[in-house]
Amino acid sequence: AGCFRAAINLTGRLLTIYGQGAGRAGHPSKHTVHSIQLWFTRLALHVKLRSFSLAEVESEPFGDLDRPDLYFQFYPELYGGRMGSLVPFAFRLLVAELPQYLTKHQEALNRLHTLLATVRKIIRNLENGLCEDGSPAELSAADRSESKKLWTSREARVLHSIVNCALYQKDYSLAVEVLELLLNSRDWGNHHKRALQSALGRVYLQLGDVTAAEKNFSIARDLKHQQTTQSGSSVASDLRDLIDRGLMAVAQNAFQEAYDCFQKASALDPANIMLLNNMGVCLLYLGRLKDALNLLEGAVNNNPIQGLHESLLLNVCTLYELESSYSNQKKLDMLRLLSQYKGDGVCVACLKLQM
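Cut-offs and rules
Residues numbered from 1 in each chain as written. Predicted model: local features only at pLDDT ≥ 70, side-chain atom pairs only at ≥ 80, totals over all residues. Heavy atoms only, no water. Helix = DSSP H or I, 4+ residues; strand = E, 2+ residues; numbered from the N terminus. Buried < 20%, exposed > 50% of the residue type's maximum accessible area, 1.4 Å probe, protein only. Contact = heavy atoms within 4.5 Å. Salt bridge = Lys/Arg side-chain N within 4 Å of Asp/Glu carboxyl O. Axes fitted to C-alpha atoms, helices over the stretch in contact; angles between N-to-C directions. Parallel < 35°, antiparallel > 145°, perpendicular 65-115°, else oblique. Left-handed = near helix turned anticlockwise from the far one by under 90°. Nonpolar A, V, L, I, M, F, W, Y, C, P; charged D, E, K, R; others polar. Core = buried A, V, L, I, M, F, W, Y, C linked by side-chain atoms within 4.5 Å. Expected span 1.5 Å × (residues − 1). Patch = residues over 30% accessible without salt bridge, like charges linked within 9 Å, V, L, I, M, F, W, Y side chains within 5 Å. Areas by Shrake-Rupley, 256 points an atom, 1.4 Å probe, with all protein chains shown as cover. UniProt positions renumbered as here; feature names shortened; annotations may be inferred. Phe/Tyr/Trp six-rings, centres within 6.5 Å; stacked < 30°, edge-to-face > 60°. Lys NZ or Arg CZ within 6 Å of the ring centre and 35° of its normal. Disulfide = S-S within 2.5 Å.

K.L.:
Explanation requested: the environment of Asn-328 in the structure shown.
P.N.:
Considering the arrangement of structural elements, one finds Asn-328 in helix H17 (residues 328-341). Judged by its relative accessible area of 24%, Asn-328 is partly exposed. Sequence separation of Asn-328 and Leu-353 is 25 residues, and the distance between their C-alpha atoms is 6.5 Å. Filtering out sequence-adjacent residues up to four positions away, Asn-328 remains in contact with Leu-353 and Gln-354.

K.L.:
I keep staring at the pattern of salt bridges and nothing clicks. Help me out?
P.N.:
Any two side chains of opposite charge can pair, on the condition that their charged atoms come close. By the definition in use, this model includes 21 salt bridges. A salt bridge links Arg-67 to Asp-69, with the shortest nitrogen-to-oxygen separation between them at 2.9 Å. Here Arg-288 makes a salt bridge to Asp-291, at a shortest N to O gap of 2.9 Å. Residues joined by salt bridges that share partners form a network here, namely Glu-214, Arg-221, Asp-241 and Arg-245.

K.L.:
Teacher, can you tell me more about unusual backbone geometry here?
P.N.:
Both trends apply: most residues other than glycine have a negative phi, and most peptide bonds are in trans. You will see that Thr-103, though not glycine, has its phi angle at about 60°, which is positive. Mapping Thr-103 onto the fold places it in the loop between helix H5 (89-97) and helix H6 (105-127). Positioned with a positive phi, Asn-253 is a non-glycine residue whose angle comes to about 65°. You can see Asn-253 is positioned in the loop between helix H11 (239-251) and helix H12 (255-268). Judged by relative accessible area, which is 57%, Asn-253 ranks as exposed.

K.L.:
Could you clarify how one ought to interpret the packing of H11 against H12 in this entry?
P.N.:
In helix packing, the relevant descriptors are the interaxial angle and the interaxial distance, both defined with respect to the helix axes. Packing of H11 against H12 brings their axes to within 8 Å, and their N-to-C directions diverge by 160°. Classified by the angle their axes make, H11 and H12 are roughly antiparallel. Once H11 is placed against H12, the crossing between them reads as left-handed. Here Leu-239, Leu-242, Ile-243, Arg-245, Gly-246, Leu-247, Ala-249 and Val-250 of H11 lie close against H12, whose contacting residues are Phe-255, Glu-257, Ala-258, Cys-261, Phe-262, Lys-264, Ala-265 and Leu-268. In terms of residue class, the contact of H11 with H12 is made up of 12 nonpolar, 1 polar and 3 charged.

K.L.:
I keep staring at the nonpolar core and nothing clicks. Help me out?
P.N.:
Note on soluble globular proteins: their nonpolar side chains tend to be buried together. Phe-89, Leu-112, Trp-151, Val-158, Ile-162, Leu-179 and Leu-182 are the most contacted members of the largest nonpolar core, which has 38 residues in total. Mapped by element, the contributors of at least two residues to this core are H5, H6, helix H7 (141-168), helix H8 (172-185), helix H9 (190-207) and helix H10 (210-231). Among the elements that make up this core, the one with the highest residue count is H6 (9 residues). If we ignore the near neighbours within four places in the chain, the residues touching Leu-179 are Val-163, Leu-196, Ala-199, Leu-200 and Val-203. Listed in part, the 33 residues of the second largest apolar core include Leu-295, Ala-299, Leu-338 and Cys-350.

K.L.:
Could you clarify how one ought to interpret H6 in this entry?
P.N.:
Each α-helix turn comprises 3.6 residues. Residues three or four places apart therefore point the same way. With 23 residues, H6 extends 33 Å from end C-alpha to end C-alpha; this agrees with the ideal 33 Å at 1.5 Å per step. Against H5, H7 and H8 lie the buried residues of H6. Where H6 ends, the next residue or the one after it, Gly-129, has phi of about 85°, a positive value.

K.L.:
Even after reading the chapter, I still don't get a nonpolar patch on the surface, so can you show me in this structure?
P.N.:
On the surface, a nonpolar cluster with roughly 370 Å² of combined accessible area is contributed by Val-281, Leu-284, Tyr-285 and Leu-322. The element that contributes the greatest number of residues to the nonpolar patch is helix H13 (residues 273-285), accounting for 3 residues. Of note, Leu-322 is situated in helix H16 (residues 310-323).

K.L.:
Quick question: what am I supposed to make of the UniProt feature "repeat: TPR" (unreviewed entry) in the protein here?
P.N.:
Here the UniProt-annotated "repeat: TPR" (unreviewed entry) positions come out as residues 239-272. Across residues 239-272 one finds 79% helix and 0% strand; the C-alpha atoms that close the span lie 11 Å apart.

K.L.:
I'm lost on the packing of aromatic side chains in this one. Help?
P.N.:
We describe a pair of aromatic rings using the distance from one ring centre to the other and the angle between the two ring planes. Under the defined criterion, the tally for this structure stands at 10 aromatic pairs. Ring geometry for Phe-52 versus Tyr-101: centroids 4.7 Å apart, planes at 15°, classification stacked. Pair noted here: Phe-52 is in helix H3 (residues 52-59) and Tyr-101 is in the loop between H5 and H6, with a separation of 49 residues, a long-range link. Taking relative accessible area as the criterion, Tyr-101 reaches 23% and is therefore assigned partly exposed. Geometrically, the ring pair formed by Phe-89 and Trp-151 is edge-to-face, given 6.2 Å between the ring centres and 85° between the ring planes. With a gap of 62 residues between them, Phe-89 in helix H5 and Trp-151 in helix H7 connect regions that are remote in the sequence. Above the face of the Phe-72 ring, Arg-82 is positioned so that its terminal group lies 3.9 Å from the ring centre. Just above the ring of Tyr-259 sits the side chain of Arg-288; from NZ or CZ to the centre is 5.9 Å.

K.L.:
Would you mind going over the state of the cysteines with me for this structure?
P.N.:
Cysteine pairs can be covalently joined through their sulfur atoms, and such a bond is termed a disulfide. In this structure the tally under the stated criterion is 0 disulfides. Lacking any disulfide linkage, Cys-350 is separated from the closest cysteine sulfur, that of Cys-347, by 6.2 Å.

As structure tokens, then:
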């Protein structure tokens, strides 16, 4: 329901059942799979609400997530002879990413590379005929294959997080380097290769290198043509191709062409708020303020659940200010819609209200 603050409060009440949470620092308690999952949910909600400092403070007691009491074998009375970590991989990734939101980009990169080194060590163990932890226990061929697939996907996930961290600190060179490493590190199918080439093109656009972006988008289109030719279907522009063309047109100040591309893409995915947002921005740059407002207001009113998106609301309220100096009433109407259709997790700063 989008009531993220209420969800955080609920995790606090549930954690008191385990003798953890507020006021329990320094008191002995036992971790369980469920209590760790509650902490993960709570920290993820803090990040969702941009309460990064709170998330950092609450994650500190876990340290590097490798303390003895975070392993199954620490609790033989609860888990018998089960081995391994209580902490899910997604929790480790979240804690590794956390410093980047507090402008500690180097610390985040260090944590992510440490996690990446561990994942790659596990993959090497599997390739050398060992178990994930390096023990010589036998694994069936099917189990080994599934485990390698799992850890390879986790390696890609960590690399994607490194790319996101690099983009967050505007280190586009690192982002390009890691994406190229991803492209060359595995024998991806055409679908994945195309997604990575498209992502590379978008990074180059942020960097301002339009020529390199066009080259990557062209490779992505060629891979798409190969896919459609192999499947026997017609070679027509799809959603990704249209978005890439639209972004290229924006970079070249061809806003009418960009609008046409985003409009065609929107016909394929009518609920995509990003496309409607981009169409509104193109109309604004074409000098069609009224049309831009009608489009974005329509997106909100026709589908409030999807349309009341913070980035779209920010653009709507910016257009209200451009349209008139008496824009507060319309912004208050948006606030009423938010209170009607959204939970307590929306950042009302996107409405740019002046009280």
